Amino acid sequence: TYYTISSKHRMKKYTVHKEKQELPSDENIMKQQDFGKLFHEYENVTKRPKKPMYKDPKYLFLILLLVLIAFLVVEATNEEKEDNPTEQVSE
């Protein structure tokens, strides 16, 4: 079966404004057409940062922090193995 909407219900979604609206002045239009600024913002969003991650102080700190955490986790697991050695049966 097909579900149809009567034209009465469809027309409620749309309104038609027949009165003419005032167009903005040429000066206002030109103020909004700053394509240099638009292109600059586009470049900032789409391009990679020029500075490598390891040279940026924020990322360098993050990388060092992750390395330190990894080192501490490895050391902690090594100490646990030394504290609780598993007995091996030698024949």
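Structural data are supplied above this passage.
Residues numbered from 1 in each chain as written. Predicted model: local features only at pLDDT ≥ 70, side-chain atom pairs only at ≥ 80, totals over all residues. Heavy atoms only, no water.

> Could you clarify how one ought to interpret the overall build of the protein chain in this entry?
Helix and strand counts for the protein chain come out as 4 helices and 0 strands. Listing each helix as α and each strand as β along the protein chain from the N terminus yields α-α-α-α. Every one of the 91 residues in the protein chain was classed for burial, and the buried ones make up 0%. Accessible area of the protein chain: about 10400 Å², with a carbon and sulfur share of 59%. (Helix = DSSP H or I, 4+ residues; strand = E, 2+ residues; numbered from the N terminus. Buried < 20%, exposed > 50% of the residue type's maximum accessible area, 1.4 Å probe, protein only. Areas by Shrake-Rupley, 256 points an atom, 1.4 Å probe, with all protein chains shown as cover.)

> Would you explain the pattern of salt bridges in this entry?
Close approach of charged atoms allows side chains with opposite charge to pair. A complete count under the given rule lists 1 salt bridge for this structure. Between Glu 43 and Lys 47 there is a salt bridge; the shortest N-O distance is 3.7 Å. (Salt bridge = Lys/Arg side-chain N within 4 Å of Asp/Glu carboxyl O.)

> Mind showing me how you'd approach a nonpolar patch on the surface here?
Taken together, the side chains of Met 53, Tyr 54, Tyr 59, Leu 60, Leu 62, Ile 63, Leu 64, Leu 66 and Val 67 make up a nonpolar region of the molecular surface, amounting to roughly 880 Å² of accessible area. Mapped onto the elements, Met 53 comes out in the loop between helix H3 (35–46) and helix H4 (57–83). On the accessibility criterion, Met 53 (51% relative accessible area) is exposed. (Patch = residues over 30% accessible without salt bridge, like charges linked within 9 Å, V, L, I, M, F, W, Y side chains within 5 Å.)

> Is there a simple way to explain a negative patch on the surface in this structure?
Taken together, Glu 75, Glu 79, Glu 80, Glu 82 and Asp 83 make up a surface patch of like negative charges. As for its placement among the helices and strands, Asp 83 is situated in helix H4. Classification of Asp 83 by relative accessible area gives exposed; the value is 59%. (Lys, Arg positive; Asp, Glu negative; His and termini not counted. Charge placed at Lys NZ, Arg CZ, Asp CG, Glu CD.)

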